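Spelled out from the first residue to the last, the chains are:
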Amino acid sequence: MPLTRPTSLATALGARGRDDELSRARFAFDWNRQFELSLDPETARAYHDETLPEEGLKDAAFCSMCGPKFCSMNHSAKTQKFTEADAKAVLGQIGVTGAGA
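Right, let's walk through the structure included here.

Quick notes on the side chain of Gln34
- Along the chain, Gln34 turns up in helix H3 (residues 31-37).
- Relative accessible area serves as the criterion here: at 9%, Gln34 is assigned to the buried category.
- In this structure Gln34 touches Leu22, Ala25, Arg26 and Phe29, once residues within four positions along its chain are discounted.

Side note on the pattern of salt bridges
- For the structure on display, the rule yields four salt bridges.
- When the shortest N-O distance is used, the salt bridge between Arg16 and Asp20 registers 3.1 Å. A residue pair is termed a helical-turn pair when its members lie 3 or 4 positions apart in one helix, as Arg16 and Asp20 do in helix H2 (residues 15-27) at four residues.
- A salt bridge links Lys88 to Glu84; the shortest N-O distance between them is 3.5 Å.

Digging into the side chain of His48
- Counting through the fold element by element, His48 comes out in helix H4 (residues 41-51).
- Once you skip the residues sitting within four places of it in the chain, His48 turns out to touch Trp31, Phe35, Leu57 and Lys58.

Some thoughts on the layout of surface pockets
- Its boundaries defined by the atoms lining it, the largest pocket holds a volume of some 470 Å³.
- For the lining of the largest pocket, the elements supplying multiple residues, two or more each, are H2, H3, H4 and helix H5 (72-81).
- Of the residues forming the lining of the largest pocket, the biggest block, five residues, is contributed by H2.
- Along the lines of polarity and charge, the residues of the lining of the largest pocket split into 14 nonpolar, four polar and three charged.

A closer look at the environment of Phe82
- Inspection of the secondary structure assignment puts Phe82 in the loop between H5 and helix H6 (84-93).
- Not counting residues within four places of it along the chain, the set of residues in contact with Phe82 comprises Ala87 and Val90.

With respect to the nonpolar core
- Phe29, Trp31, Phe35, Leu52, Leu57, Ala60, Phe62 and Cys71 form the largest nonpolar core, which has eight residues in total.
- Contact partners of Ala60, with chain neighbours within four places excluded, come to Phe29 and Trp31.

Criteria and cut-off values
- Residues numbered from 1 in each chain as written.
- Predicted model: local features only at pLDDT ≥ 70, side-chain atom pairs only at ≥ 80, totals over all residues.
- Heavy atoms only, no water.
- Helix = DSSP H or I, 4+ residues; strand = E, 2+ residues; numbered from the N terminus.
- Buried < 20%, exposed > 50% of the residue type's maximum accessible area, 1.4 Å probe, protein only.
- Contact = heavy atoms within 4.5 Å.
- Salt bridge = Lys/Arg side-chain N within 4 Å of Asp/Glu carboxyl O.
- 1 Å grid on protein atoms, 1.4 Å probe; cavity = no way out; pocket = protein on both sides within 12 Å on 5 of 7 lines; lining within 4 Å.
- Points joined across faces, edges and corners; volume = space filled by probe spheres on them.
- Nonpolar A, V, L, I, M, F, W, Y, C, P; charged D, E, K, R; others polar.
- Core = buried A, V, L, I, M, F, W, Y, C linked by side-chain atoms within 4.5 Å.

Okay, here's the thing in structure tokens:
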């Protein structure tokens, strides 16, 4: 099988599945799973612990790069859970009424 694209080599070697699983762990803020899937788990854990050393932060829904207020993964997860009822409640709070509210 000729390898014509850079991703073909990674796919052929099984790296794609590992990378996809790491992405899912990252999106879920499963820090321990991210450490397990890292190429160097000990170093990954050490870097994390340098900036977020408390044990409770192993379950944090943010990292030290953006913090809790600016975490794009956190905002994406909240957006996916946002319902039409949530939208109507927000619109009601700011006084928007009408067919769409």
